[in-house]
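Here's the letter readout for the chains.
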Amino acid sequence: MEGQPPQSTVVVCSNEDGVTFPRQREVVLTESFAVVLQASGLGGEPEGLLYHAGAQEHPGATRLEIPYANLAAQSAEIRGELLEAIERVLRGADFILGEEVRRFELSFAELCGARFAVTVNSGTDALVLALRALGVGPGDEVVTVPNSFVATTSCIVMVGARPVFVDVRSDYNLDPAQLERVMTPRTKAILPVHLTGRPADMDPIMALAKARRVAVVEDAAQAVLAEYRGRKVGSIGAIGCFSLHPLKTLGACGDAGVLTTQDEELRERLLLLRNLGLRTRDDCTRWSGNSRLDTIQAAVLLVKLKYVHEWTEKRRAHASLYRSALNGIPELDIPTDKPHEKAVYHTFVIQADRRDDLKRYLALRGIGTAVHYPVPIHLQSAARDLGYHRGMFPVAEHQAGRILSLPVYPELRADEIDHICGAIHAFYGT
Ligand SMILES: Cc1ncc(COP(=O)(O)O)c(C=O)c1O
């Protein structure tokens, strides 16, 4: 590469799925993302996610590089406000369960149409604490989907219960028609996921849960502000669990999560569970861990909360642009909203014939994409002892080989979406 001017510098980080790539390792982008992937040990296959975490364009760069996600752009827009908020926390030095935590909880509950919100340090802990608060434990079964992020299942195993999977529908969400068949007297809860930011079909799920007297925990990790029949997700089941991971539609500057509930008793239990079971500093009422959200992250989230409606509308507008531009490519399935749903497009997931070739083709043209998620949970090696095998969830398995998430972050420009759609048309010769 000696003697060649670099076109841009990117930083390869970890993806939201917890797969760690060389963090903060800078590599020079000369020809294409493929070079970056090779240099970062990911091989020539563009399977990893690339984030512009502090990327700088070289003045000579001409090619349009569109990363899958662009966290640096969001931070840059509101950098002054974020720094002020952090500075205030530093001055006050109330780092643990400070005033900002309480204020964020009040605002987030209001945002979701829930009576209460309890913050924690990740979406994963939110799920674990939700199940513990509902008394789910050894001997119990929890019904969920196999196509989510692994946290949706690991939380069930972490509390000692058994995950029971049902297949999904074409909208990637739990198929309520299959629930009855898998429920047993040991079923203690149903855990639907609002995957991609689209609400699961909650009415039939809630009806069956009521009839069988089991609790519903909503995994709303990807779906802040999504609506189902006029109700915000997180306000429908017994407990809603949200991730506020930086890549989510409302994300902290680090790990963060929050639970919502309408039930005061559940709220009290969650408050204890997130803080070592401590009622006061010297009164430990039950064994638990430390899942508290840092005051600094709450301060950051309070700033970002002001923008979440605007950012969500931008995601929706991007989805509309994609829909019009990609309409009519027979090899693609494009997501559309049903009349009673308002999705938030945490991810904009298309299904594509020759998905891996398309992904590679786009990567070679500087367009980052991702797959959420390539290996269904029941086929993960951790799931071996659960007794599932390939072929048991045909819809989820089929989708796993076809899904592709296109960039949809709020800061994306219309001309960038045009460019992406142009490349997709070129790939299919349409
Ligand atoms: C559907 C789903 N559930 C749970 C989680 C876990 O959230 P966190 O990464 O904040 O622990 C995620 C995050 O990726 C998710 O997408």
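Residues numbered from 1 in each chain as written. Predicted model: local features only at pLDDT ≥ 70, side-chain atom pairs only at ≥ 80, totals over all residues.

When helices and strands are counted, the protein shows 14 helices and 18 strands. For the protein, buried positions account for 47% of its 430 residues. (Helix = DSSP H or I, 4+ residues; strand = E, 2+ residues; numbered from the N terminus. Buried ≥ 20, exposed ≤ 12 C-beta atoms within 10 Å, placed from the backbone.)

This part covers helix H8 (residues 202-212). Those residues of H8 not exposed but buried are Met202, Ile205 and Ala209. One side of H8 holds all its buried residues, which, seen down the axis, span an arc of 65°. Counted as exposed and oriented over 90 degrees from the buried face of H8: Asp203, Ala207, Lys210 and Ala211. Against the buried residues of H8 lie helix H7 (179-182), strand S7 (187-191), strand S8 (215-219) and strand S9 (227-228). (Arc of directions from axis to C-beta. Contact = placed C-beta atoms within 7 Å.)

This brings us to the nonpolar core. Formed by 107 residues in total, the largest nonpolar core has its most connected members in Ala130, Leu131, Ala189, Cys241 and Leu259. Among the elements that make up this core, the one with the highest residue count is helix H5 (residues 123-133) (7 residues). Residue-level mapping places this core at the junction of two domains, with at least three residues from each of domain 1 (1-76) and domain 2 (79-305). With sequence-adjacent residues up to four places away left out, Ala189 is seen in contact with Leu131, Leu134, Val136, Val142, Val214, Ala215, Val216 and Val217. (Core = buried A, V, L, I, M, F, W, Y, C linked by C-beta atoms within 7 Å. Domains from an automatic or database assignment.)

Following His372, the chain continues into Tyr373 via a peptide bond in cis, with omega recorded as 10°. Counting through the fold element by element, Tyr373 comes out in the loop between helix H12 (355-364) and helix H13 (394-400). Positive phi values are uncommon outside glycine, yet Tyr172 reaches one of about 75°. Mapping Tyr172 onto the fold places it in the loop between strand S6 (162-165) and H7. For Tyr172, a count of 24 C-beta atoms within 10 Å puts it in the buried group. Backbone geometry at Thr196 places phi at a positive 70°, although glycine is not the residue there. As for its position among the elements, Thr196 is in the loop between S7 and H8. A tally of 23 C-beta atoms within 10 Å means that Thr196 is categorised as buried.

With that settled, the discussion passes to the pairing of S8. Within S8, 5 of the 5 residues are buried, leaving the element largely enclosed by the surrounding structure. Across the two faces of S8 the burial is the same, with Ala215, Val217 and Asp219 and Val216 and Glu218 all buried. Here S7 pairs with S8 via 2 bridges, running parallel. From the neighbouring strand, Ile190 faces S8, where its bridge partner is Val216. Handedness of the crossover is the feature at issue here: the chain leaves S7, passes through H8, returns alongside S8, and the resulting connection is right-handed. Relative to strand S11 (residues 239-243), S8 is paired through 3 bridges, and the arrangement is parallel. By the bridge assignment, Glu218 is partnered in S11 with Gly240. (Pairing = 2+ DSSP bridges. Right-handed = clockwise from strand over helix to strand, strands pointing away.)

This paragraph deals with the sheet that holds S11. The strand order S4-S12-S11-S8-S7-S5-S6 describes an open sheet built from 7 strands, whose pairing is mixed. Both outer strands of the open sheet, strand S4 (116-120) and S6, are each paired with one neighbouring strand and no more. On average, each strand axis in the sheet is inclined to that of its neighbour by 25°, with strand direction left out of account. Where helix H9 (residues 264-273) meets the sheet, its contacts fall on S4, S11 and strand S12 (257-261), and the angle it forms with S4 comes to roughly 15°. (Axes fitted to C-alpha atoms, helices over the stretch in contact; angles between N-to-C directions.)

As a matter of local geometry, the ligand sits amid 16 residues, with Ser122, Gly123, Thr124, Ala221 and Ser243 nearest to it. At the level of elements, H5 and helix H6 (151-158) are the ones that each hand at least two residues to the shell around the ligand. Considering only residue class, the shell around the ligand consists of 4 nonpolar, 9 polar and 3 charged. (Near = placed C-beta within 6 Å. Nonpolar A, V, L, I, M, F, W, Y, C, P; charged D, E, K, R; others polar.)

A separate point is the sheet that holds strand S17 (residues 348-352). Here 3 strands make up an open sheet; going across it, the order is S15-S17-S18 and the pairing antiparallel. Among the strands making up the open sheet, the edge pair consists of strand S15 (332-333) and strand S18 (403-406).

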